[in-house]
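Topology and contacts: notes
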Amino acid sequence: MTANHTNVLIIGAGLSGIGVACRLRRELPDREFAILERRENIGGTWDLFRYPGVRSDSDMFSFGYEFRPWDGLKVLADGESIRGYVAATAAEYGIDREIRFGRRVVAADWSGERQQWTVTVLREESGDSETWTCEFLVTCTGYYDYDRGHLPDFPGVESYGGTLIHPQHWPADFDHTGKRVVVIGSGATAVTVVPAMAEAAEHVTMLQRSPSYVFSLPSVDRLTALQRKVLPAPFVHRMTRRRNIKVQRALFKAARRYPRLVRGVLLAGVRRRLGAGFDMSHFSPKYDPWDERLCAVPDGDLFEALRAGRASVVTDTVETFTATGIRLGSGRELAADVVVTATGLNLQALGGASVSVDGQPRDLHEVCTYKSVLLEGIPNLAWVFGYTNASWTLKVDIAAVYLVRLLKHMDRTGQAVAVPVDRGANATEAGVVDELSSGYIRRAKDIMPRQGRDFPWRMVMDYQHDKKVLLTEPVADGILEFGARRP
């Protein structure tokens, strides 16, 4: 078994892991670190997802890194562009040289006696094991299972004679030209796949059990393009980023405070795109806006495909698959050469790795987060988790800055260990992301950390709040306990 050591070990070379590593390189250039990545490429989610039309569902000026501005004008960028952006960022900071690919982290154990983590790693191609030790462990694994997407137990699916595809596992070079396609789902993936496949398919049907809120965004930020012609690019980027962050937060807060008003505005936008004769029940959810994440479509491409007749939407349930398609609960049959099951994700904490402290297993569901970055009672472990109600990367970036502040504080004060200690039994039965009611969130209730009653044990999903707490408030707050290095 090969043994390796580094000061900071980062798990994951996706958007989060590369962002954290770049912050370390910028602020602590002499700090030794390494990144373990299970896949063979940089990009994480954006390397995994290859389905037609794959793109961000947040605007790129807030989704991109604060320290390396997104220089395109696409509001919702395609997966390949995002993958290239992350890889180029890694190369610019020399982060790509610190990545060990093809490594799956199996377990991590903290030793109080040695004041370090021992991480067990599997090299999946060869089956060999490695051991890594580090003083600080940073998990940037996202929050879902890369091995399998969520697939309901559809009756009769074994009798289906067509092609069945989950978007998480899209076959390379799959050709759907001239085929009848049914996409099961109504979330962000479905509203992306439908218009993309409709360009070449005979017809695409979006089959949904219940509607989602869908709204149109311009594909290109024309205001920013105009400003770039007369103002310095860095200033324009800061201004656009600040504007978009404020708009995101204002929409979320308005949806919480005035749900009927926001619902009316969203549905009016759909009605304008589809015309007065369209059956609006297909886009009229029973829940309030932002009870589940909103679905954005660039230039209303989904609505354009529906108006042009290249696509249609059916709101019904699957009674059973047949040899040639799907029979619905209403008795109607949908013929399909291809069925795409855009039925969601399976959530997974820490990439499926187990965590223990001095040999005692720690269940993430039994702990709260501290300032939404560290984990209660677990020493020298950062859990980097982005926003679910705004751009993911906004939180990643300020979490990385907080990590740098913490490490600098520990260096300055001669401390080797930092562990959040809850002395007030703050844990509740709620999960950290229970604010949303999406199916994948409900399925993860027993997987993710718990929500605390009060801050800093409560994850608030508020960028302005977190920015103040993580970037300006003292690191030593009486809750975070420190331990000096043992001789």
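What you see is a predicted model, and the numbers here were worked out from it, not measured in a lab.

1. Observations regarding the packing of aromatic side chains
If you walk through the whole model with that rule in mind, you get 17 aromatic pairs. Among the aromatic side chains, those forming a connected cluster through ring pairs are Y65, F67, W70, Y85 and Y93.

2. Comments concerning the pairing of strand β13 (residues 318-321)
Judged from the three bridges that link them, β13 and strand β14 (residues 325-328) form a sheet pairing that is antiparallel. From the neighbouring strand, V318 faces β14, where its bridge partner is L328. Between β13 and β14, which follow one another and run antiparallel, lie three residues.

3. A word on the side chain of T224
Structurally, T224 can be placed in helix α6 (residues 222-230). What makes T224 buried here is its relative accessible area of 1%. At a separation of 2.9 Å, a polar atom in the side chain of T224 contacts the side chain of T240. Not counting residues within four places of it along the chain, the set of residues in contact with T224 comprises F61, L73, V236, T240 and R243.

4. Some remarks on the packing of α6 against helix α7 (residues 233-257)
At a minimum axis separation of 10 Å, α6 and α7 run at an interaxial angle of 155°. For the element pair α6 / α7, the angle class is roughly antiparallel. Crossing angle aside, the handedness with which α6 passes α7 is right-handed. Here L223, T224, Q227 and R228 of α6 lie close against α7, whose contacting residues are V236, M239, T240 and R243. When grouped by side-chain class, the residues that make up the contact of α6 with α7 number three nonpolar, three polar and two charged.

5. Structural notes on the packing of helix α1 (residues 15-27) against helix α4 (residues 79-92)
Running from N to C, α1 and α4 cross one another at 25°; their axes reach a closest spacing of 10 Å. Between α1 and α4, the angle is such that the two are roughly parallel. The chirality of how α1 crosses α4 is left-handed. Only V86, T89 and A90 of α4 make contact with α1, whose side of the interface consists of L15, I18 and C22. Counted by class, the contact of α1 with α4 contains five nonpolar, one polar and no charged residues.

6. A few points about empty space enclosed by the protein
Applying the stated rule across the entire model yields two cavities of 30 Å³ or more. In this model, the largest cavity occupies a volume close to 80 Å³. For the largest cavity, the full set of lining residues is I245, Q248, R249, F252, N389, A390, L394, M461, D462 and Y463. With four residues, α7 is the single largest residue contributor to the lining of the largest cavity. Here the residues of the lining of the largest cavity sort into six nonpolar, two polar and two charged. In this model, the second largest cavity occupies a volume close to 60 Å³. In terms of lining, the second largest cavity is formed by I11, A108, L137, T139, T141, L350, A353, S354, V355 and L381. Those elements that provide at least two residues to the lining of the second largest cavity are β6 (128-139) and β17 (354-357). Residue composition of the lining of the second largest cavity, by class: seven nonpolar, three polar and no charged.

About the thresholds
- Residues numbered from 1 in each chain as written.
- Predicted model: local features only at pLDDT ≥ 70, side-chain atom pairs only at ≥ 80, totals over all residues.
- Heavy atoms only, no water.
- Phe/Tyr/Trp six-rings, centres within 6.5 Å; stacked < 30°, edge-to-face > 60°.
- Pairing = 2+ DSSP bridges.
- Helix = DSSP H or I, 4+ residues; strand = E, 2+ residues; numbered from the N terminus.
- Buried < 20%, exposed > 50% of the residue type's maximum accessible area, 1.4 Å probe, protein only.
- Polar contact = N/O pair within 3.5 Å; in protein donor to acceptor, adjacent residues only side chain to side chain.
- Contact = heavy atoms within 4.5 Å.
- Axes fitted to C-alpha atoms, helices over the stretch in contact; angles between N-to-C directions.
- Parallel < 35°, antiparallel > 145°, perpendicular 65-115°, else oblique.
- Left-handed = near helix turned anticlockwise from the far one by under 90°.
- Nonpolar A, V, L, I, M, F, W, Y, C, P; charged D, E, K, R; others polar.
- 1 Å grid on protein atoms, 1.4 Å probe; cavity = no way out; pocket = protein on both sides within 12 Å on 5 of 7 lines; lining within 4 Å.
- Points joined across faces, edges and corners; volume = space filled by probe spheres on them.

By themselves, these are just geometric observations and shouldn't be taken as functional.
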